[in-house]
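Below are the chains, spelled out letter by letter.
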Amino acid sequence: MREKITYLIAIAVGALLITNLYTILLGLPDEANQGAIYRIFFFHFPSAITAGIAAFISLIASILYLYRRDLRWDSLAVAATEVTLAFGAIVLATGMIWARIIWGIWWAWDARLTSTLVSWLAYASYLILRKAVDDPTTRARLSAVISIFTFSGVYISWKSIEWWRTQHPGPVISIRGGGGMAPGMEAAAYWNLLPLAVLGIILITIRLRQENLQRLIDGLRRQAHEI
Amino acid sequence: MNFLRQSFIIAGKDLRAELRGKETVNASLSFSVVILLLFSFAFDPSAEETRAICGGLLWLVFAFAGALILNRSFARDLPNDCLDALIMSPIAPAALLLGKAMANMLLLLTVELICLPVFGLFYDVPWTRQIGMLLLVLVLTTWALTVVGTMFGALTVNLRLRELMLPTLLYPIMIPALLAAIQLTTLLAVGEPLTSEYDSWLKVLVGFDVIYTLLGLALIDTVLVG
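All of these numbers come straight from a predicted model, not from anything done at the bench.

Caption draft 1: Expanded view of the overall build of chain B. Within chain B, the secondary structure is distributed over nine helices and zero strands. Along chain B, helices (α) and strands (β) appear in the sequence α-α-α-α-α-α-α-α-α when read from the amino end. In summary, chain B has a C-alpha radius of gyration of 18 Å against a globular reference of 17 Å for 226 residues, a match within 12%. Considered along the principal axes of its C-alpha atoms, chain B spans approximately 55 × 35 × 30 Å. Sorting the 226 residues of chain B into buried and exposed places 45% on the buried side. Excluding contacts between residues fewer than 6 apart, the proportion of contacts in chain B whose partners are at least 24 apart in sequence is 86%.

Structure representation (structure tokens):
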């Protein structure tokens, strides 16, 4: 039943993404300065927020694991971290495509880009660390600590456009004191944020279920060995 | 026994062991000099561009040298189950971390202070002109490197591929501090004073030190004891 609801939501989200695509590609006019390429923002920004949400879930799950010592929190942390990496990759890729057109270069070493890439690498090394530990409780404990350390990079990345004068554009979303987006365009960005964020959460629940099943299988296998 | 005294005992123990064995300082020092030498082949030492990137050169060397020292910090206690004995002893894990971090910092600072004159010779830069500020940046960044590194050293000590896991975990986390140190050192190492726009980089360093020291002290219990 829960599985069916998940897939139903996924279908609804997919439909919303397609209608959004229609608005983004055909409904909205080209931007005055950037032309057509600005449309990538409708995926860049929502993916960044989704990656941030997933990273935050991973942080909370790691802290809760250390409090409760329940391996289900560890499963949630790893599921959320993987989704962070997936959406982080989308952020980096879309950002680079945009930069190639607008700046003429694929990459600039400014604070926003660097801190995002660094956080991405740090979460990747979180997964590498998990591979290096065999015992499930030790693995959960150590990776929870790493996850807490790593989250600081996400916060720096989030704040970097306010702390430093970066090549990356400053805040454009009005709730962060930015400006310069036409209301219709900003609304479209939020409308795309909704399905992408929900998609992220669906992916987390699916991975969480897989992780829990995996642990169950591992437990049964250990029991079988003992017999 | 109060907390700081416990830390000093641990730091004293590690330094004494290192003074008698000299295994990591010697290795790390000769490694740093070799890397400095290699860099001078990679870039023309007389060129102006070299001066523009000298902060980066120095901190790459120090970060590599630091990883060598930090890898040994907890691994040194593994034979004869010394680490288990340390954890069981009536010393708080946080004091253990603080003591080891202090010992590592002294060792790494020694390596850095020997490397600096060598660097000055090879690359002909007036590094002594801003020595006070340069020392401040060295101390702040070395503390950042050692406190996070010692923490991760404790984390990776029982892992497979320990020597590889520590730098993999450490360097991404260290980037904000290293970035600040590189910015500041590039200016200071060639003898130019800091302008007010560099204040924010100093703040990054101090903030990094405070946040990660507290985070390390809070979480070391979980890492060592479970």
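Back to the write-up after that little detour.
Caption draft 2: Structural detail: the overall build of chain A. Helix and strand counts for chain A come out as six helices and zero strands. Helices and strands in chain A line up, N terminus first, as α-α-α-α-α-α. Taken along its principal axes, the extent of the C-alpha atoms in chain A is 70 × 40 × 30 Å. Looking at chain A as a whole, 33% of its 227 residues are labelled buried. Look at the contacts in chain A between residues 6 or more apart in sequence, and 76% of them connect residues 24 or more apart.

Caption draft 3: Spatial organisation of the interface of chain A and chain B. The interface of chain A with chain B comprises 18 residues on the first partner and 17 residues on the second. Of all the secondary-structure elements, those providing two or more residues to the side of chain A that touches chain B are α4 (111-132) and α5 (136-163) of chain A. For the side of chain A that touches chain B, the leading source of residues is α5(A), giving nine residues. Here the residues of the side of chain A that touches chain B sort into 14 nonpolar, three polar and one charged.

Caption draft 4: How the structure looks around unusual backbone geometry. Residue and element names in this part refer to chain B. At Lys22, a position not held by glycine, the phi torsion is positive, near 55°. For Asn80, which is not glycine, the phi dihedral falls at a positive 60°. Note that Asn80 resides in the loop between α4 (54-75) and α5 (82-88).

Caption draft 5: Molecular detail of the packing of α5(A) against helix α9 (residues 199-224) of chain B. Two elements in contact, α5(A) and α9(B), have axes separated by 10 Å at closest approach and are oriented at 170°. Considering their axes alone, α5(A) and α9(B) lie roughly antiparallel with respect to each other. Contact with α5(A), carried on its side by Arg141(A), Leu142(A), Val145(A), Ile148(A), Phe149(A) and Ser152(A), involves Ile211(B), Leu215(B), Leu219(B), Thr222(B) and Val223(B) of α9(B) and no other residues of that element.

Caption draft 6: Local environment of helix α1 (residues 2-27) of chain A. An ideal rise of 1.5 Å per residue puts 38 Å on 26 residues; α1(A) measures up with 36 Å between its terminal C-alpha atoms. Burial analysis of α1(A) places just one of its 26 residues in the buried class, a small minority of the element.

Caption draft 7: Looking closely at the nonpolar core. Grouped together as the largest cluster of nonpolar side chains are 115 residues, with contacts concentrated most on Ala54(A), Ala80(A), Ala144(B), Val148(B), Met174(B), Ala181(B) and Leu205(B). Per element, the largest residue contribution to this core is 16 residues, and it comes from helix α8 (residues 162-189) of chain B. Leave out the neighbours within four places in its chain, and Leu205(B) touches Leu140(B), Thr141(B), Ala144(B), Ala177(B), Ala180(B) and Ala181(B).

The rules behind these values
- Residues numbered from 1 in each chain as written.
- Chains lettered and ligands numbered in written order.
- Predicted model: local features only at pLDDT ≥ 70, side-chain atom pairs only at ≥ 80, totals over all residues.
- Helix = DSSP H or I, 4+ residues; strand = E, 2+ residues; numbered from the N terminus.
- Rg over C-alpha atoms; globule rule 2.2 N^0.38 Å.
- Buried ≥ 20, exposed ≤ 12 C-beta atoms within 10 Å, placed from the backbone.
- Contact = placed C-beta atoms within 7 Å.
- Nonpolar A, V, L, I, M, F, W, Y, C, P; charged D, E, K, R; others polar.
- Axes fitted to C-alpha atoms, helices over the stretch in contact; angles between N-to-C directions.
- Parallel < 35°, antiparallel > 145°, perpendicular 65-115°, else oblique.
- Expected span 1.5 Å × (residues − 1).
- Core = buried A, V, L, I, M, F, W, Y, C linked by C-beta atoms within 7 Å.

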